[in-house]
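Geometric and topological summary
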Amino acid sequence: MSDQQLLIIDDDATFARVLARALASRGFEVITASNADEARALARRHQPRYCVLDLKLGDENGLRLIPELQSLVPEIRVLLLTGYASIATAVEAIKRGAHDYLSKPVDADAVVRALLDGDTGTADDDLVDAPEAPLALRRLEWEHIQRVLTECDGNISETARRLGMHRRTLQRKLSKHPVRERPDSDD
């Protein structure tokens with residue numbers, strides 16, 4: 001895999017450096033960009049096979065960059081990373097051409113699995129395993145709480161105010177484990 005070039009696009013220089021080091025140790029040839037203009041130039045010049053793209057690039061939105069990268073490098077596999085996870089964002093990323101979507105914090109092994117998943121000639125229907133039933137209300141609530149908490153930089157009191165609930169109620173909800181993606185038959 002040493003000839004597999006990977007472009008990391010993230011405005012958080014520390015995160016990009018740590019991820020680049022971890023992915024280089026796993027056999028990728030890593031180049032990094034901190035903004036959309038730099039990413040376009042590197043994509044034109046290096047034609048990378050893989051891309052790890054952050055959703056928020058300063059004032060720019062990573063979603064807008066996905067189709068541009070694919071027009072520059074038609075075979076590129078884009079993995080969107082975000083600290084602002086939501087189902088709507090995941091759906092939009094896939095619609096725009098991302099191959100996968102992961103929420104930060106994320107470890108390098110999960111990034112490698114997401115980048116290489118389906119890259120061995122397996123059928124595309126192995127990649128998409130959408131639930132038949134809609135997500136459980138508890139799961140949607142959990143994701144909404146997490147998004148608002150992230151927007152409030154982890155401030156429990158401000159998050160509780162924005163959600164219109166008591167701080168202790170929010171703390172109780174946060175102390176529980178995340179709700180499963182798919183409801184069991186007893187839900």
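Our subject in this report is the structure included herewith. No experiment lies behind these values; they were computed from the predicted model shown.

**Thoughts on the packing of helix α1 (residues 13-24) against helix α5 (residues 108-116)**
Put simply, α1 and α5 touch, their axes get as near as 10 Å, and they point 65 degrees apart. Relative to α5, the element α1 is oriented roughly perpendicular. The handedness of the crossing between α1 and α5 comes out as right-handed. Contacts from Leu19, Ala22 and Leu23 in α1 reach Ala108, Val111 and Val112 in α5. Residue classes in the contact of α1 with α5 are distributed as six nonpolar, no polar and no charged.

**A closer look at the packing of aromatic side chains**
Counting across every chain of the model gives one aromatic pair. Ring centres of phenylalanine 28 and tyrosine 50 lie 5.5 Å apart, and the angle between their planes is 90 degrees; on these two criteria the pair is classed as edge-to-face. Placement of phenylalanine 28 in the loop between α1 and β2 (29-33) and of tyrosine 50 in strand β3 (residues 50-54) is noted, with a sequence separation of 22 residues between them. For phenylalanine 28, a relative accessible area of 4% translates into the label buried. Of the residues examined, tyrosine 50 reaches a relative accessible area of 2% and is grouped as buried. Over the ring of tyrosine 50 we find arginine 49; its NZ or CZ atom is 5.3 Å from the centre of that ring.

Analysis parameters
- Residues numbered from 1 in each chain as written.
- Predicted model: local features only at pLDDT ≥ 70, side-chain atom pairs only at ≥ 80, totals over all residues.
- Heavy atoms only, no water.
- Axes fitted to C-alpha atoms, helices over the stretch in contact; angles between N-to-C directions.
- Helix = DSSP H or I, 4+ residues; strand = E, 2+ residues; numbered from the N terminus.
- Parallel < 35°, antiparallel > 145°, perpendicular 65-115°, else oblique.
- Left-handed = near helix turned anticlockwise from the far one by under 90°.
- Contact = heavy atoms within 4.5 Å.
- Nonpolar A, V, L, I, M, F, W, Y, C, P; charged D, E, K, R; others polar.
- Phe/Tyr/Trp six-rings, centres within 6.5 Å; stacked < 30°, edge-to-face > 60°.
- Buried < 20%, exposed > 50% of the residue type's maximum accessible area, 1.4 Å probe, protein only.
- Lys NZ or Arg CZ within 6 Å of the ring centre and 35° of its normal.

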